[in-house]
Amino acid sequence: MDAIDSRIIDLLKRNARSAYGDIGAVVGLSASAVKRRVDRLLAEGVIRSFTVQVDPATEGMSTEAWVELFCRGTVSPTELRRILSAVPEVVYAGTVTGSADAIVHMRSRDIPSLELALERVRVAPNVDHTRSAIVLSRLVNRTSA
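Parameters and conventions
Residues numbered from 1 in each chain as written. Predicted model: local features only at pLDDT ≥ 70, side-chain atom pairs only at ≥ 80, totals over all residues. Heavy atoms only, no water. Helix = DSSP H or I, 4+ residues; strand = E, 2+ residues; numbered from the N terminus. Contact = heavy atoms within 4.5 Å. Core = buried A, V, L, I, M, F, W, Y, C linked by side-chain atoms within 4.5 Å. Buried < 20%, exposed > 50% of the residue type's maximum accessible area, 1.4 Å probe, protein only. Pairing = 2+ DSSP bridges. Axes fitted to C-alpha atoms, helices over the stretch in contact; angles between N-to-C directions.

A short note on the environment of Val-26
Then, in step 1: Looking at where Val-26 falls in the secondary structure, it is placed in helix H2 (residues 20–27).
Then, in step 2: Not counting the four nearest positions on each side in its chain, Val-26 is found in contact with Arg-7 and Leu-11.

Here it is, written out as structure tokens:
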């Protein structure tokens, strides 16, 4: 990957629907040269996908929380993935350093549905407890791969 590839990726991050000709005008390449580079970046797995980001509130999922998950004993990431994948309100989860075993981002319609989703996580084998923080307002929302 060279500097032109990086610039193309930056432009696609801002607007994945940008025309190859428009990108080419910025980076100094023809539309077909940009397309070849994008195709190569896709084939190499540098670009994973193109997607649409929809405001969760328009889909009725306006309540969100970040949840620290604490387990009893040692629980593998594979087991945590199995537990958390079964809860549709979980939109992101990752293992972390510190006292928690994982951090989980959840979205739901409202507080009662969030509480039910949290309970489904809490009753899973090896889950000791959770600590939740409900998001009041989003201040910065950058997206990356």
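That covers the picture; the talk isn't over yet.
Examining the nonpolar core
Then, in step 1: Residues Leu-69 and Met-106 are the most contacted members of the largest nonpolar core, which totals 19 residues.
Then, in step 2: Looking at this core, the elements with two or more residues in it are strand S1 (63–71), helix H4 (77–85), strand S3 (102–108) and helix H5 (111–122).
Then, in step 3: Beyond its immediate sequence surroundings of up to four residues, Met-106 is in contact with Thr-63, Glu-64, Ala-65, Val-67, Val-87, Glu-89, Val-90, Val-91, Leu-114, Ala-117, Leu-118 and Val-121.
Then, in step 4: Core analysis: the next-biggest nonpolar cluster, separate from the first, contains ten residues, Leu-11, Leu-12, Val-27 and Val-34 among them.

Some points on the sheet that holds S1
Then, in step 1: Spatially, the four strands line up as an open sheet ordered S2-S3-S1-S4, and their pairing is antiparallel. The two strands at the open ends of the sheet, each matched to only one other strand, are strand S2 (90–95) and strand S4 (127–134). The sheet shows a mean angle of 20° between the axes of neighbouring strands, taken without regard to direction.
Then, in step 2: Inspection of the sheet shows S2 paired to S3 by five bridges, in the antiparallel sense.

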